[in-house]
Amino acid sequence: MKYEGSCHCGRIAFEVEGEIADVFDCNCSICRRKAMIMWAVPRAAFQLTTSPDAVSTYTFNTHSIQHSFCAHCGVSVFGQGERPQPMTAVNLRCVPSVDLAALQVTHVDGAKF
Ligand SMILES: [Zn+2]
């Protein structure tokens, strides 16, 4: 299944392919503030369909995760990490075709990591 998503203004748009599973939210210092619902996919399953120039990134602590957002509308669209393998965590709130209320969401205790 292929899904299309974007930030609010559309400067960042993407396609992601796969069966939605392993959906999580997290209570770490950034996720709790951004209220994202994340779906982790292998990097190859995720593709930007707009220019990478529109993507701003934020890192903190160990700087191992790139938290990507749109500097124009402020929406956090995805995050990327390299461990244990190159992954993209897509914010499913940016995918209009997904029924958020129907998702099985795992609550990750990221505050303790
Ligand atoms: Zn935007």
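Worth saying up front: this structure is predicted, and the values here are computed from it rather than measured.

Student: Give a detailed account of the overall build of the chain, specifying residues and quantitative values.
Tutor: When its secondary structure is counted, the chain shows 1 helix and 10 strands. Listing the helices and strands of the chain from first to last along the sequence gives β-β-β-α-β-β-β-β-β-β-β. Relative to the compact-globule value of 13 Å for 113 residues, the chain shows a C-alpha radius of gyration of 13 Å, a close match. Viewed in the frame of its principal axes, the chain has a C-alpha envelope of about 35 × 30 × 25 Å. Burial statistics for the chain: of 113 residues in total, 35% are counted as buried. Put simply, of all contacts in the chain between residues at least 6 apart along the chain, 55% involve residues at least 24 apart. Just so you have it, the chain exposes about 6,900 Å², and 51% of that area is on carbon and sulfur atoms. For the chain, the centre of its 9 positive side-chain charges and the centre of its 10 negative side-chain charges are spaced 11 Å apart.

Student: Break down the layout of surface pockets for me, citing the residues and quoting the values.
Tutor: The calculated volume of the largest pocket comes to roughly 950 Å³. Taken together, 33 residues form the lining of the largest pocket, with C28, S64, I65, H67 and F113 sitting closest to its centre. Every element with two or more residues in the lining of the largest pocket is listed here: strand 3 (23-26), helix 1 (31-34), strand 4 (38-42), strand 7 (65-70), strand 8 (76-81) and strand 9 (87-91). Take the lining of the largest pocket: its biggest share by element is 5 residues, from strand 8. Of the residues that constitute the lining of the largest pocket, the class distribution is 17 nonpolar, 13 polar and 3 charged.

Student: Account for the side chain of T88, naming residues and giving values.
Tutor: Residue placement: T88 occurs in strand 9. One polar contact links T88 to Q80, side chain to side chain, over a distance of 2.9 Å. Once residues lying within four places of it in the same chain are set aside, the contact partners of T88 are W39, A40, V41, P42, R43, F46, F78, G79 and Q80.

Student: Summarise the sheet that holds strand 8; cite the residues concerned and give the values.
Tutor: For sheets, the rule is that strands pair by backbone hydrogen bonds, running either parallel or antiparallel. Taken in spatial order, the 7 strands make up an open sheet running 6-7-8-9-4-3-10, and their pairing is mixed. Edge positions in the sheet fall to strand 6 (55-58) and strand 10 (105-108), since each has one partner strand and no second. When the angles between neighbouring strand axes are averaged without regard to direction, this sheet yields 35°. Sheet topology note: the strand 3/strand 4 ladder contains 2 bridges and is antiparallel. Opposite V23, over in strand 4, you have W39 as the bridge partner.

Criteria and cut-off values
Residues numbered from 1 in each chain as written. Predicted model: local features only at pLDDT ≥ 70, side-chain atom pairs only at ≥ 80, totals over all residues. Heavy atoms only, no water. Helix = DSSP H or I, 4+ residues; strand = E, 2+ residues; numbered from the N terminus. Rg over C-alpha atoms; globule rule 2.2 N^0.38 Å. Buried < 20%, exposed > 50% of the residue type's maximum accessible area, 1.4 Å probe, protein only. Contact = heavy atoms within 4.5 Å. Areas by Shrake-Rupley, 256 points an atom, 1.4 Å probe, with all protein chains shown as cover. Lys, Arg positive; Asp, Glu negative; His and termini not counted. Charge placed at Lys NZ, Arg CZ, Asp CG, Glu CD. 1 Å grid on protein atoms, 1.4 Å probe; cavity = no way out; pocket = protein on both sides within 12 Å on 5 of 7 lines; lining within 4 Å. Points joined across faces, edges and corners; volume = space filled by probe spheres on them. Nonpolar A, V, L, I, M, F, W, Y, C, P; charged D, E, K, R; others polar. Polar contact = N/O pair within 3.5 Å; in protein donor to acceptor, adjacent residues only side chain to side chain. Pairing = 2+ DSSP bridges. Axes fitted to C-alpha atoms, helices over the stretch in contact; angles between N-to-C directions.

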